[in-house]
Amino acid sequence: MSENIRIVENATCTFCGCVCDDQVLTVDVDEHRITKVKNTCALGRAWFTEHGIEDRPPALIDGREATTAEAVEAAAQILAEAKFPITYVLSDTTSEAQREAVAIADMIGGCIDTTTSVCHGPSGIAFEGVGESTMSLGEVKNRADLIIFWGGNPAESHPRLFGRYALTPKGMFTPNGRKDRTAVLVDVRRTKSAQVADIFIQVKPGKDFELLWALRALVRGGRVSPDIAQRTGVPLATLEDLAERMKSCRYGVMLFGMGLTMTRGRHFNSGALLALANDLNEFTHFVAKPVRGHGNVTGADNVVSWQTGFPFGVNFSRGYPRFNPGEFTTVDLLATGDADAAMIIASDPASNFPKKAIERMHEIPMIVLDPKETQTSRLAKVAFTTATYGINVPGTVYRMDDVAIPLRPAFDSPYPSDLEILTAIKRRLQELLAEKPGRRPYGDPRRPHAALPA
Ligand code: SF4
């Protein structure tokens, strides 16, 4: 056992959207691994301790070992030649790398998309239509006295959400912690999270929209038929009680998950919940926020939004950004066969995308950046081994409440970061595209202006 032990305080866990930045890591510097983690949950502990340095080549081209520089050249050539290239994911990397990936997609007139398109994409669409009464998790901790979890199971997916922000911590206006809060869980089944809720409301699968719309009616003083119990599985008296609690609380929060956004109704469900939060502000302070999964998926939404005006599923082929989920989202572009090259950053879509999309991944040249070997990296024409963000790489990530958090890496990696690789690919692409009339890179004064639609 090495003697060279280092303690890293206030390290940031990037496993889930809670982005807990109070971890204390014990690092064996010589062996390049984290041996102990304090203040974490089981998921965070696994994230930190299982990301040591693996003995892998820096890059593979067609399965053969290559240097990073050779792989950068091969990747740039693929992207420069492609007619409809897609860049996917960005949710498990730094915002600095995300920014570079958007610049590349812009430069090559391709698509940029993130895991949001397969998780809270419907919420992103609903935000545009309804707006968002929002907050930080610090406000929830200090002020919230009614917390409603809708369509999620944070006890297992975000284990420290309850203890750090939402349920038990003592806050400025919640000095007695758990005793000062009422917790409600609305879900289709009784999960582990139901054990901590004061009120559990079981809704029939696919009936969230009806339930939310009935709550809107009750909150606004309308009448709801007792038939609602048959439709949704929730008795009218339970709904009336919840509506009354919502109107009379001091500071209410709805934290919603994919059980709401990825079931029947999708963006209508998210929109109904956001509209309910807006309605409640006639009576009290009420906010709503999606509970996000990947460590920096919120950063991906932020970066793609501030670079393009849209959160995901963006296409640059006309020289300006266009947003069209269902057309420019990665699953759809692969399944329809439109995409002719793909750059996948820190994700493994080959392990969870639909069959047709995966079949297309077998056919097109793929560039994959990942610290580990995955099903997707095995399909890659060019595969980079990268350093892990947060453990080896500094930078910025966004917590699920849009608060930017700095990373404090534990030890160095011999592999480059996503940002370094993407920057190198971008530089080489600039040279390659400058030689191609009509495909000049962004920032090149000779770049033709895109024709705007009539
Ligand atoms: S709750 Fe999420 S961010 Fe916090 S320690 Fe656990 S896995 Fe990491």
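Details of the structure are given in the entry above.
A.B. asks: Would you mind showing me how to read the packing of aromatic side chains here?
C.D. replies: The description of two aromatic rings rests on the distance between their centres and on the angle between their planes. For the structure on display, the rule yields 7 aromatic pairs. Here the aromatic rings of Trp 47 and Tyr 389 are separated by 6.2 Å at their centres, their planes lie at 85 degrees, and the arrangement is edge-to-face. Linking Trp 47 in helix 1 (residues 42-49) with Tyr 389 in the loop between strand 17 (382-385) and strand 18 (396-398), this pair joins segments that are 342 residues apart in sequence. The two residues Trp 47 and Tyr 389 agree in class, both being buried. Geometry around Trp 213 places Arg 216 over its ring, the cationic atom sitting 4.7 Å from the centre. Note that Lys 247 overlies the ring of Phe 283, its terminal NZ or CZ placed 4.7 Å from the centroid.

A.B. asks: Would you mind going over the sheet that holds strand 15 (residues 341-345) with me for this structure?
C.D. replies: Each strand in a sheet pairs with another by means of backbone hydrogen bonds, the pair being arranged parallel or else antiparallel. Pairing is mixed in the open sheet, where 9 strands are placed in the order 5-4-17-16-15-6-7-13-14. At either margin of the open sheet sits one strand with a lone partner, and together these are strand 5 (64-66) and strand 14 (322-323). This element, helix 2 (residues 68-81), spans strand 4 (59-61), strand 5, strand 6 (85-89), strand 15, strand 16 (366-370) and strand 17 of the sheet and lies at about 135 degrees to strand 17. The sheet contacts of helix 13 (residues 297-308) involve strand 7 (111-114) and strand 13 (314-315), and relative to strand 7 the element is tilted by about 150 degrees.

A.B. asks: How should the sheet that holds strand 2 (residues 23-28) be read in this particular structure?
C.D. replies: Pairing is antiparallel in the open sheet, where 3 strands are placed in the order 1-2-3. In the strand order of this sheet, the two ends are held by strand 1 (5-11) and strand 3 (33-38), each with one partner. Each adjacent strand pair in this sheet contributes to an overall mean axis angle of 25 degrees, direction not counted. Across 5 bridges, strand 1 lies against strand 2 in antiparallel orientation. Its bridge partner lying in strand 2, Ile 7 is registered against Thr 26. Strands strand 2 and strand 3 of the sheet are contacted by helix 1, whose axis makes an angle of about 160 degrees with strand 3.

A.B. asks: Whenever I open this one, the site of the ligand confuses me. Can you help?
C.D. replies: The ligand sits among Cys 13, Phe 15, Cys 16, Cys 18, Val 19, Cys 20, Gln 23, Thr 40, Cys 41, Leu 43, Gly 44 and Arg 160. For the shell around the ligand, the per-class residue count stands at 8 nonpolar, 3 polar and 1 charged.

A.B. asks: It is not clear to me how the pattern of salt bridges should be interpreted in this structure. Could you clarify?
C.D. replies: Where charged atoms from two side chains of opposite charge approach closely, those side chains can pair. Following the criterion strictly, the structure yields 21 salt bridges and no others. The salt bridge involving Asp 279 is made with Arg 216; its shortest N-O contact spans 2.6 Å. One end of the pair, Asp 279, is in helix 12 (residues 267-280); the other, Arg 216, is in helix 8 (residues 208-219), and 63 residues separate them in sequence. A salt bridge links Asp 402 to Lys 289; its shortest N-O distance comes to 2.7 Å. Placement of Asp 402 in the loop between strand 18 and strand 19 (404-406) and of Lys 289 in strand 12 (residues 285-290) is noted, with a sequence separation of 113 residues between them.

A.B. asks: Sorry if this is basic, but what is going on with the side chain of Asn 392 here?
C.D. replies: With respect to the helices, strands and loops of the structure, Asn 392 is situated in the loop between strand 17 and strand 18. Of the residues examined, Asn 392 reaches a relative accessible area of 10% and is grouped as buried. Polar side-chain contacts of Asn 392 include one of 3.1 Å to the backbone oxygen of Phe 411. Contacts of Asn 392, omitting those with residues within four sequence positions, involve Ile 53, Ala 387, Pro 409, Phe 411, Asp 412 and Ser 413.

A.B. asks: Sorry, what's going on with the environment of Thr 284 here?
C.D. replies: Along the chain, Thr 284 turns up in the loop between helix 12 and strand 12. Using a relative accessible area of 13% as the deciding quantity, one classes Thr 284 as buried. Distance from Thr 284 to Gly 252, taken between C-alpha atoms, is 7.9 Å for residues 32 residues apart in sequence. Engagement of the side chain of Thr 284 in a polar contact is seen with the backbone oxygen of Cys 249, the distance being 2.6 Å.

A.B. asks: Would you explain helix 15 (residues 355-363) in this entry?
C.D. replies: Buried within helix 15 we find Ala 357, Ile 358, Arg 360 and Met 361. An end-on view of helix 15 places all buried positions within 155 degrees of arc, on one side of the element. Facing away from the buried side of helix 15 by more than 90 degrees, the exposed set consists of Lys 355, Lys 356, His 362 and Glu 363.

Reading guide: rules and limits
- Residues numbered from 1 in each chain as written.
- Predicted model: local features only at pLDDT ≥ 70, side-chain atom pairs only at ≥ 80, totals over all residues.
- Heavy atoms only, no water.
- Phe/Tyr/Trp six-rings, centres within 6.5 Å; stacked < 30°, edge-to-face > 60°.
- Helix = DSSP H or I, 4+ residues; strand = E, 2+ residues; numbered from the N terminus.
- Buried < 20%, exposed > 50% of the residue type's maximum accessible area, 1.4 Å probe, protein only.
- Lys NZ or Arg CZ within 6 Å of the ring centre and 35° of its normal.
- Pairing = 2+ DSSP bridges.
- Contact = heavy atoms within 4.5 Å.
- Axes fitted to C-alpha atoms, helices over the stretch in contact; angles between N-to-C directions.
- Near = heavy atom within 4 Å.
- Nonpolar A, V, L, I, M, F, W, Y, C, P; charged D, E, K, R; others polar.
- Salt bridge = Lys/Arg side-chain N within 4 Å of Asp/Glu carboxyl O.
- Polar contact = N/O pair within 3.5 Å; in protein donor to acceptor, adjacent residues only side chain to side chain.
- Arc of directions from axis to C-beta.

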